Amino acid sequence: MGACFSARIKADSPCHTGATTKSVNAGEMSSSSSSVAPPTPGRSEGEILQSSNLKSFAYSDLKIATRNFRPDSVLGEGGFGSVFKGWVDETSFSPTRPGTGMVIAVKKLKLESFQGHREWLAEVNYLGLLHHPHLVRLVGYCLEDEHRLLAYEFMPRGSLENHLFRRGSYFQPLSWSLRLKVALGAAKGLAFLHSSRVIYRDFKASNVLLDSKYNAKLSDFGLAKDGPMGDKSHVSTRIMGTRGYAAPEYLATGHLTSKSDIYSFGVVLLEMLSGRRVVDKNRPPGEHNLVEWAKPYLASKKKVFRAMDSRLEGQYTMEESHKVASLASRCLSMDANCRPSMDEVVMHLEETRNSKEYEDGHNKSAGARHRMPRRVVDDAKHGSRLPLSYPRPSASPLCT
Ligand SMILES: Nc1ncnc2c1ncn2[C@@H]1O[C@H](COP(=O)(O)OP(=O)(O)OP(=O)(O)O)[C@@H](O)[C@H]1O
Ligand SMILES: [Mg+2]
């Protein structure tokens, strides 16, 4: 693979134009900790690596930092390869003893990964340039012989996927209030990307990582693309992504727009509401595909409880569930033009969260808050949950 990589470096170079300059959005997006990159038309691999301000790690340093990629330091596994926990010095980034310095997550490309170099470079390209409180921070990379690694800030609470679908004492179900917080954080990350004319293309629960306070940060920019320029309505691409999350019109045509990300956001929002995976063949017939199954319930105030995660019992009002479910329903519109923009999504989620906080504060002093009636809660519990152990979906070329 080493030889294959070095021979293909130029041809594989994504020739992304990188993120473009654009003033950032209101609210958190205009905070001083957000930054948008200068225009970077058609950068070569050398330019990407040189200009990125990232630490270029020696393979031996990352090997020491992760204690020789010890199996017990594995944080997770994806299509790209395994992710290991490691320790480095905060200023010099040289490896330190476990438990000292700064914790990092080291993603190590599987040697047999064909797409690997292209995705590795796209990640360095985008995360080297884009900085925002809701994007994971890339600390550095390693490019040495056949080795391709990425070192990120460590996200102590792992992925949203684990919190929604893993069973076990470590993963307690996320509360309604935390789900709103996570949804809003992820929405802000995606809104920031769109304001920077970047299409993310791989929005899914496993790519939303959580810090110790459940702040959501987007990770994995291997499939990201620059959005269309000028009067172009879309970019044409090979159809890539994760089954279940990709927008129907993108699957049908390969035409990619920011509205494709909004569809994927709708899928994740629905997974958060329902506690169900987008595709789950362990479900009864008719319920394998979450979007098809849930859609009729989402737009109806009277039926929405049927789609809600029974573990959220008593935590939300009908008004709140209806608001979020109809937002998910709009994001999942078959007609891409009917989907809201990410700025609009942020605004709606912010409104719901604020009114919830106001109501919670108010009810603390005034007594119990209005909750779903018991009958409704019991109905929601009925037949909705089964033990889940469905294999995880992974990003790959998607054939139609
Ligand atoms: N920065 C990080 N901090 C802590 N854990 C992480 C970090 N990055 C990744 N992980 C963990 O490693 C797992 C694997 O991540 P990875 O991005 O390689 O694959 P994935 O997103 O799960 O799947 P796919 O390859 O299909 O995108 C994540 O689900 C998460 O649990
Ligand atoms: Mg990922």
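Of all eight residues in strand 4 (residues 102-109), six are buried, a share of seventy percent or more. Judged from the eight bridges that link them, strand 3 (residues 81-88) and strand 4 form a sheet pairing that is antiparallel. Note that in strand 4 the partner of Trp 87 across the bridge is Val 103. In this structure, strand 4 lies alongside strand 6 (residues 147-153), joined through five bridges in antiparallel fashion. When the bridges of strand 6 are listed, Ile 104 appears paired with Glu 153.

This part is about unusual backbone geometry. Unlike most non-glycine residues, Arg 67 shows phi in positive territory, near 55 degrees. Along the polypeptide, Arg 67 turns up in the loop between helix 3 (59-65) and strand 2 (74-77). Of the residues examined, Arg 67 has 16 C-beta atoms within 10 Å and is grouped as partly exposed. In this model, Asn 68 sits at a positive phi of 60 degrees, which is unusual for a non-glycine residue. Examined against the element boundaries, Asn 68 turns out to sit in the loop between helix 3 and strand 2. We classify Asn 68 as exposed; it has 10 C-beta atoms within 10 Å.

This part takes up the environment of Lys 108. Structurally, the position occupied by Lys 108 is in strand 4. Spatially, the C-alpha atoms of Lys 108 and Ser 82 are 5.6 Å apart, while their sequence positions differ by 26 residues. When sequence neighbours within four positions are dropped, the list of residues in contact with Lys 108 reads Phe 69, Gly 81, Ser 82, Phe 84 and Leu 149.

Glancing now at the sheet that holds strand 5 (residues 138-144). On the basis of which strands lie adjacent, the open sheet formed by six strands has the order 1-5-6-4-3-2 and mixed pairing. Strand pairing shows two members of the sheet lacking a second neighbour, strand 1 (55-56) and strand 2, which therefore form its edges. When strand 1 meets strand 5, the two strands line up parallel, connected through two bridges. Residue pairing in the sheet places Ser 56 in a bridge with Tyr 141 of strand 5. Running over the sheet, helix 4 (residues 116-129) touches strand 4, strand 5 and strand 6 and is turned about 35 degrees from strand 6.

The rules behind these values
Residues numbered from 1 in each chain as written. Chains lettered and ligands numbered in written order. Predicted model: local features only at pLDDT ≥ 70, side-chain atom pairs only at ≥ 80, totals over all residues. Buried ≥ 20, exposed ≤ 12 C-beta atoms within 10 Å, placed from the backbone. Helix = DSSP H or I, 4+ residues; strand = E, 2+ residues; numbered from the N terminus. Pairing = 2+ DSSP bridges. Contact = placed C-beta atoms within 7 Å. Axes fitted to C-alpha atoms, helices over the stretch in contact; angles between N-to-C directions.

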